[in-house]
Every structure is written in structure tokens, then in C-alpha cells.
Amino acid sequence: MAVTSWIEVSQERLKGNYRAIAAAVGAAFGAGTDVLAVVKANAYGHGAEVCSVALARAGARWFGVADAGEGARVRRALDAAGFVDAEILVMCGFVPGSGADWPLSVKDRLTPVVWTSEQMCCLYGWPGYRVHLEVDTGMGRQGARPGVELDAVLDLIGTAGLVLDGVMTHFCAAEVAGGEKTLEQQRRFAAALAQVRGKGMRPKWVHAGSSSSVDNPAGDGVWLVELAKSVGARAMVRCGIALYGYCLPIEGGAEPKLRGALRPVMTWKTRVLDVRDVAAGETVGYNATFTAAEPMRLALLPVGYADGLRRELGGTNERPGGWVMVRGRDGSEKKAAIVGRVSMNLTVVDVTGIEGVRVGDEVVVLGDGVTADDHARLAGTISYEILCGVGKGSC
């Protein structure tokens, strides 16, 4: 099948974003705080292997993946590039009894996140192997709850002879400035670390946070550094979406820390498949949702919702939709509005005011001038989903 669209990833922008994040973490949390680069979900659609190597060259030492298979691919890429000491955290744990994840984790030097007694039972026979324990402080998703449940998992870690290399938690509302929910989760995490300390365990790492934790101007990293010190550990902050140039809006009206410091890493491109003129009164696309009010010139693009271009971006006469960026003959990039429904593999855009558009011309579907935030706003979602959805079809 011919390639109808493609993704370009700017490694220089990615490395620049990592350095900006590391500087912000150093200022808020302290110079000794590490940054774990999250490359799960194929680096949010950007390519985990390529991004991991670029991030390692920028100074990243820890990488977060979704599962052992993804971790194995990242390990091979990092080893081949000479970063054999890189640490890879399998953030979504593993399914006990699946038979595939755990041998792969051992072979590829992966560190799993654990939190259940069933997972602990699978780890018997691997004494000395390192794990990171997740504590559920209010996310309600994965992690051992402080108290009896956490005690039981800590006991099993000790019985199995595993090394508790790290303890972590995840915030459910880090983008809320001064949010009480985050403060409560911090208090619960502190109580959990007291339990860890009470068992005589001394993890090397204590980590929490997200891109929003770094971006939030109300965030104070001192609490994490002090908490890590209480068990003789180092603090670490996990960052994902910010690496790729985006952050969620900060709720509460405060100015984000990273605004202006990040640049989108992904550019999604295609080429003009056809150009045609339509008369006033002609309709475009399924269900004739767009009618030309005057003579127009339209360009056909060989991308659609099968490739990750959201159907909600289609424009009607009553409601403008999304747009792409087309280079005119004068060399300038101009907006071309999407008209009519976005189809499975085809999309129509208005190039009436762009001189000299021809078949084969490059078009930016996502990138400078039309960001994942723009797509997300029109589709009623978040930039995470837009980025992860790009290229799921013929791309």
C-alpha cells in the first residue's frame, strides 16, 4: 500500500523540551531530582525507540513504558545506541499468569511496577530482582492502598527476597492549582512511606507527579524531596506529554511554568491528491453537510479518520471545522479549512484563496499552525488522545 501520509519527529525539539522540563524540575524540586521520561503508548504516537534514544542523548536516564513488550523494544534501541545503563520502568505492571511478561522483563532488564499479592506470587524465584511499588493515594486505578493492603504487599516483597527499588504514586488532578485533592494525596503518600520505613525498607527512588505537576505554578516540589529523604531515597518526577510539546490547561487562572518553553515535536503531513473547482450550490461529502455559497477551489487529501484525523473536524456552513496548512506559490503557509465530513480515508479542504495549489503539494495536517490542542478543542477531547491516535490506519 502506498504511503498517503507520514509523521516527522523533531529530535532537536524533543531534546529541547526535555532540557526545559529538567530545568523547571530543578528549580521547583531541587537540583538532585531526576526526571523519568514517559515513552509509553509508542511515545504518545511519536515512536518510542527513536524518542528514547533522543531523550537519552538529552540526559534522560529513566524511561517509562506501558508493558514489557514495549520495554523490550526500547531496551534494544537504547542498547544499540550505547545507553546500556538506562533504566526502564514498566508502568502498567503485568498480568499474573499471562506467561509472557515476566521472563521478558528479566531478559531485557526491565523494572516492573507492582501492587498486588498475585503479582508478588509470580515473582517468587527471582530474589534480588528490583521492583517499584505503586501506592494508590486517591487515583483509584492501580496501586496498593495505605494500611493493611500496603502492609501485606510489603511483607510479600520481603518474603520473596525482592529489592524495593522505588515507591511511587500518581495524582488524579495535578492540573488544578492549589487543589485540595493533590494535597490530600501527598498526605496519604507520606503515610505510606512511613509504613515502608516501618518495615525497615529503604528504596532508592521515591517518585510522583506528571507534566502538570511540573507545569502547575502552585506546585511545590519540596514535599517530595523531603519525603524521599525520610527513607534515604532520591526524588524523581515523571513527565510525559510535556516532552512532546503539550500540557493540559492549568485550572485556577495561574500562569503555567512551561508556557513558551515547549515546542510540538510531531508534524503530520500528506500530499494533495486532487484539485477541483465547484460551482455555487454544489455540496461536499457525506450527507451534503457543506454547500458552496460561491465558486470554490477544493483540494482532496488522502487522509481521514482511519489515520487518526478526527471526524469532528469536519466543517459545515453553520459550524467551522478544523484546518490544515498549505504552502502557496508565494512560499507562505496558509490555513485551508476542512469542508464537509471527514471520511475514512479522504478529506476535502478549501484552497480557494491559496494561489497555485497543485496535485502532489505537501500539506501539514498537524504541526506548526495547526496543533494537537487545536484538534482536541474541536473534537472535545485532550491533546493526549489526538497524538496517540495519529497513524493508526495507513499512515
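Conventions used here
Residues numbered from 1 in each chain as written. Predicted model: local features only at pLDDT ≥ 70, side-chain atom pairs only at ≥ 80, totals over all residues. Heavy atoms only, no water. Buried < 20%, exposed > 50% of the residue type's maximum accessible area, 1.4 Å probe, protein only. Helix = DSSP H or I, 4+ residues; strand = E, 2+ residues; numbered from the N terminus. Pairing = 2+ DSSP bridges. Axes fitted to C-alpha atoms, helices over the stretch in contact; angles between N-to-C directions. Parallel < 35°, antiparallel > 145°, perpendicular 65-115°, else oblique. Left-handed = near helix turned anticlockwise from the far one by under 90°. Contact = heavy atoms within 4.5 Å. Nonpolar A, V, L, I, M, F, W, Y, C, P; charged D, E, K, R; others polar. Phe/Tyr/Trp six-rings, centres within 6.5 Å; stacked < 30°, edge-to-face > 60°. Lys NZ or Arg CZ within 6 Å of the ring centre and 35° of its normal. Core = buried A, V, L, I, M, F, W, Y, C linked by side-chain atoms within 4.5 Å.

### Comments concerning the pairing of strand E7 (residues 163–168)
Thinking step 1. The buried fraction of E7 amounts to five of the six residues, a majority that puts the element mostly inside the structure.
Thinking step 2. In terms of strand pairing, strand E6 (residues 130–134) meets E7 through five bridges, oriented parallel. Across the sheet, residue arginine 130 finds its bridge partner in E7, namely valine 163.
Thinking step 3. As defined by bridge partners, E7 adjoins strand E8 (residues 205–208) across three bridges and the pair is classed as parallel. Considered in E8, the bridge of glycine 166 is made with tryptophan 205.

### Some details on unusual backbone geometry
Thinking step 1. Phi at asparagine 42 takes a positive value of approximately 55°, unusual for a residue other than glycine.
Thinking step 2. Checked against the element boundaries, asparagine 42 lands in helix H2 (residues 40–45).
Thinking step 3. At asparagine 287, a residue that is not glycine, the phi angle is positive and equals roughly 65°.
Thinking step 4. Residue position: asparagine 287 is located in the loop between strand E12 (283–284) and strand E13 (290–291).

### Focus on the packing of helix H1 (residues 11–29) against helix H3 (residues 48–58)
Two measures define how a pair of helices packs: the angle their axes make with one another and the distance between the axes.
Thinking step 1. H3 packs onto H1 with a crossing angle of 50° between their chain directions and a minimal axis gap of 9 Å. Of the possible angle classes, the one that applies to H1 and H3 is oblique. Judged by the sense of rotation from one axis to the other, the crossing of H1 with H3 is right-handed. In this structure, H1 contributes Gln11, Leu14, Lys15, Tyr18 and Arg19 to the contact, and H3 contributes Val50, Cys51, Ala54, Leu55, Arg57 and Ala58.
Thinking step 2. Grouping the amino acids of the contact of H1 with H3 by side-chain chemistry returns seven nonpolar, one polar and three charged.

### Some words on the packing of aromatic side chains
Thinking step 1. Under the criterion given, the structure shown has four aromatic pairs.
Thinking step 2. Taking the centre distance of 5.9 Å and the plane angle of 80° together, the rings of tryptophan 62 and tryptophan 205 count as edge-to-face. Residue tryptophan 62 is found in strand E3 (residues 62–65), and its partner tryptophan 205 is found in strand E8; the two are separated by 143 residues along the sequence.
Thinking step 3. Overall, the relative accessible area of 0% leaves tryptophan 62 in the buried class.
Thinking step 4. Among the aromatic residues, those joined into a ring-pair cluster are Tyr44, Tyr244 and Tyr384.
Thinking step 5. The ring of tryptophan 323 has lysine 335 lying over it, and the distance from NZ or CZ to the ring centre is 4.3 Å.

### Here's the deal with the environment of valine 106
Thinking step 1. Looking at the element boundaries, valine 106 is found in helix H5 (residues 101–107).
Thinking step 2. Sequence spacing of valine 106 and alanine 80 is 26 residues, and the spatial spacing of their C-alpha atoms is 18 Å.
Thinking step 3. In this structure, valine 106 is in contact with Trp126 and Tyr129, ignoring residues within four places of it in sequence.

### Quick notes on the nonpolar core
Thinking step 1. Membership of the largest hydrophobic core comes to 112 residues, with the highest contact counts inside it found for Ile21, Leu55, Phe63, Ile157, Leu164, Phe189 and Leu224.
Thinking step 2. Setting aside its immediate chain neighbours within four residues, isoleucine 157 contacts Met120, Val131, Leu133, Leu162, Leu164 and Met201.
Thinking step 3. In terms of nonpolar packing, the next biggest core, distinct from the first, is built from eight residues, Val278, Val284, Phe290 and Ala292 among them.

### Side note on the sheet that holds strand E15 (residues 323–327)
Thinking step 1. Across the sheet, five strands lie side by side as E1-E10-E18-E15-E16; this open sheet has antiparallel pairing. Among the strands making up the open sheet, the edge pair consists of strand E1 (5–9) and strand E16 (333–337). In this sheet, adjacent strand axes meet at a mean angle of 35° when their direction is disregarded.
Thinking step 2. Two strands pair when backbone bridges link them, and E15 and E16 are joined in this way by five bridges, in the antiparallel orientation. Looking at E16, one finds that methionine 325 is bridged to lysine 335.

### Here's the deal with the environment of leucine 248
Thinking step 1. Counting through the fold element by element, leucine 248 comes out in the loop between strand E9 (234–239) and strand E10 (266–271).
Thinking step 2. As a C-alpha pair, leucine 248 and tyrosine 384 span 136 residues in sequence and 9.1 Å in three-dimensional space.
Thinking step 3. When residues no more than four places from it in sequence are discounted, the contact partners of leucine 248 are Glu175, Ser212, Asp215, Ile382 and Tyr384.

### Structural notes on the sheet that holds strand E17 (residues 347–350)
Thinking step 1. Read across the sheet, three strands follow the order E11-E14-E17 without closing on themselves; strand pairing throughout is antiparallel. With partners counted over all chains shown, the strands left at the sheet margins are strand E11 (274–278) and E17, one partner each. Each neighbouring strand pair of the sheet contributes to a mean axis angle of 30°, computed without reference to strand direction.
Thinking step 2. Where strand E14 (residues 296–301) lies against E17, four bridges are found, and the strand directions are antiparallel. Residue pairing in the sheet places alanine 299 in a bridge with valine 349 of E17.

### Comments concerning the side chain of histidine 375
Thinking step 1. Its place among the elements puts histidine 375 in helix H11 (residues 372–379).
Thinking step 2. Leave out the neighbours within four places in its chain, and histidine 375 touches Leu309, Leu313, Val365, Leu366, Val370 and Ile386.

### Side note on the pairing of strand E2 (residues 34–38)
Thinking step 1. For E2, the buried fraction is high: five of the five residues fall into the buried class.
Thinking step 2. Across the two faces of E2 the burial is the same, with Asp34, Leu36 and Val38 and Val35 and Ala37 all buried.
Thinking step 3. Across four bridges, E2 lies against E9 in parallel orientation. Among the inter-strand pairings, alanine 37 is bridged to a residue of E9, identified as cysteine 239.
Thinking step 4. Inspection of the sheet shows E2 paired to E3 by three bridges, in the parallel sense. Across the sheet, residue valine 38 finds its bridge partner in E3, namely glycine 64.

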